[in-house]
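Residues per chain, in single letters:
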Amino acid sequence: MKALPALNELLSGNQRYQTGTSTMSNPVDARSELVRGQSPIACILRCADSRVAPEIVFDQPLGKLFVCGVAGNIPTIEIIESMEYAVGVLGVSLIVVMGHSNCGAVHAALHNEHVDGVFALIALSAVPDMDECVAHNAEQGVSTILNNSLYLASAVQQGTLQLVAGVQDIASGEFELVAQTKLE
Ligand SMILES: [Zn+2]
């Protein structure tokens, strides 16, 4: 599936999640199809936070989302290599960097707590505000991916891959886009 229809699927699913009209189900007889393989419509980089679950927030069943996760949704080298697999082997044409409100990792970085390791990689905005920092960190994730993967950057240049960044609001459930490469 191309990037724009894939994004529209996610946003439609997010609408259903927000309004409590999710339709996602994982029936027993769907498993035999999953055994044969996977063709996910998008690769999602999520925070490890327990309140963030792309399959639920985008109302998608098993087999639809290739999900990578780490505290603060930082595109580490292992995450980027997983994304390259999703794009190169599984044919994914959309990568989503998914930040979220009330992110503990961003909060820690903003308040100078636990700034070791992956927490030190969180990109804070110039404005010392949680929502601004969460959005900025997600947006910077797109740049980090493109700057650290020639393969993914060239796929974007060739028009076979698009990247977006967005933020899930824990209270409303809304996933709001904050940045994107050119969508086709
Ligand atoms: Zn978080």
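Keep in mind that this is a model prediction, so the values were computed, not measured.

(A) Quick look at the overall build of the protein chain. When you go through the protein chain residue by residue, the secondary structure sums to seven helices and five strands. Of the regular secondary structure in the protein chain, the N- to C-terminal order runs α-α-β-α-β-α-β-α-α-α-β-β. A globule of 184 residues ought to have a C-alpha radius of gyration of about 16 Å, and the protein chain, at 16 Å, matches this closely. Principal axes of the C-alpha set define a box for the protein chain whose edges measure 50 × 40 × 25 Å. A total of 184 residues make up the protein chain; the buried ones form 39% of that total.

(B) Here's a closer look at the sheet that holds strand β4 (residues 162–168). Here we have five strands laid out as an open sheet, ordered β2-β1-β3-β4-β5, and mixed in their pairing. The open sheet terminates on both sides in strands that have one partner only, identified here as β2 (65–69) and β5 (175–180). On average, each strand axis in the sheet is tilted by 25 degrees relative to the strand beside it, whichever way the strands run. The pairing of strand β1 (residues 42–46) with β2 spans five bridges and is parallel. From the neighbouring strand, R46 faces β2, where its bridge partner is G69.

(C) Structural view of the packing of helix α4 (residues 77–88) against helix α7 (residues 150–157). Two numbers describe how α4 lies on α7: the axes approach to 9 Å, and their chain directions differ by 40 degrees. When the interaxial angle is binned, α4 and α7 end up oblique. The element α4 and its partner α7 pack so that their crossing is left-handed. From α4, M83, E84, V87 and G88 reach across to α7, where they touch Y151, L152 and A155.

(D) Geometry of the nonpolar core. The biggest cluster of nonpolar side chains holds 50 residues, and the ones touching the most others in it are A42, C43, M83 and V96. For this core, the element with the highest residue contribution is helix α6 (residues 130–148), accounting for seven residues.

(E) Quick look at the environment of G69. As for its placement among the helices and strands, G69 is situated in strand β2. Distance in space between the C-alpha atoms of G69 and L45 is 5.6 Å, their sequence separation being 24 residues. Excluding anything up to four places from it in sequence, G69 contacts R46, C47 and A48.

(F) Layout of the environment of Q157. Relative to the helices and strands, Q157 is located in helix α7. The spatial distance from the C-alpha of Q157 to the C-alpha of S25 is 36 Å, given a sequence separation of 132 residues.

(G) Up close: the pairing of β1. In terms of residue burial, β1 counts as a mostly covered element, since five of its five residues are buried. What you see with β1 is no split at all: A42, I44 and R46 on one side and C43 and L45 on the other are buried throughout. Two strands pair when backbone bridges link them, and β1 and strand β3 (residues 94–100) are joined in this way by four bridges, in the parallel orientation. Directly across from R46, in β3, lies its bridge partner M98.

(H) Focus on unusual backbone geometry. For D59, which is not glycine, the phi dihedral falls at a positive 50 degrees. Within the element layout of this structure, D59 appears in the loop between α3 (54–57) and β2. Classification of D59 by C-beta neighbours within 10 Å gives buried; the count is 21. Of note in this structure, N112 is not a glycine but carries a positive phi near 60 degrees. Structurally, N112 can be placed in the loop between α5 (104–110) and α6.

Reading guide: rules and limits
- Residues numbered from 1 in each chain as written.
- Predicted model: local features only at pLDDT ≥ 70, side-chain atom pairs only at ≥ 80, totals over all residues.
- Helix = DSSP H or I, 4+ residues; strand = E, 2+ residues; numbered from the N terminus.
- Rg over C-alpha atoms; globule rule 2.2 N^0.38 Å.
- Buried ≥ 20, exposed ≤ 12 C-beta atoms within 10 Å, placed from the backbone.
- Pairing = 2+ DSSP bridges.
- Axes fitted to C-alpha atoms, helices over the stretch in contact; angles between N-to-C directions.
- Parallel < 35°, antiparallel > 145°, perpendicular 65-115°, else oblique.
- Left-handed = near helix turned anticlockwise from the far one by under 90°.
- Contact = placed C-beta atoms within 7 Å.
- Core = buried A, V, L, I, M, F, W, Y, C linked by C-beta atoms within 7 Å.

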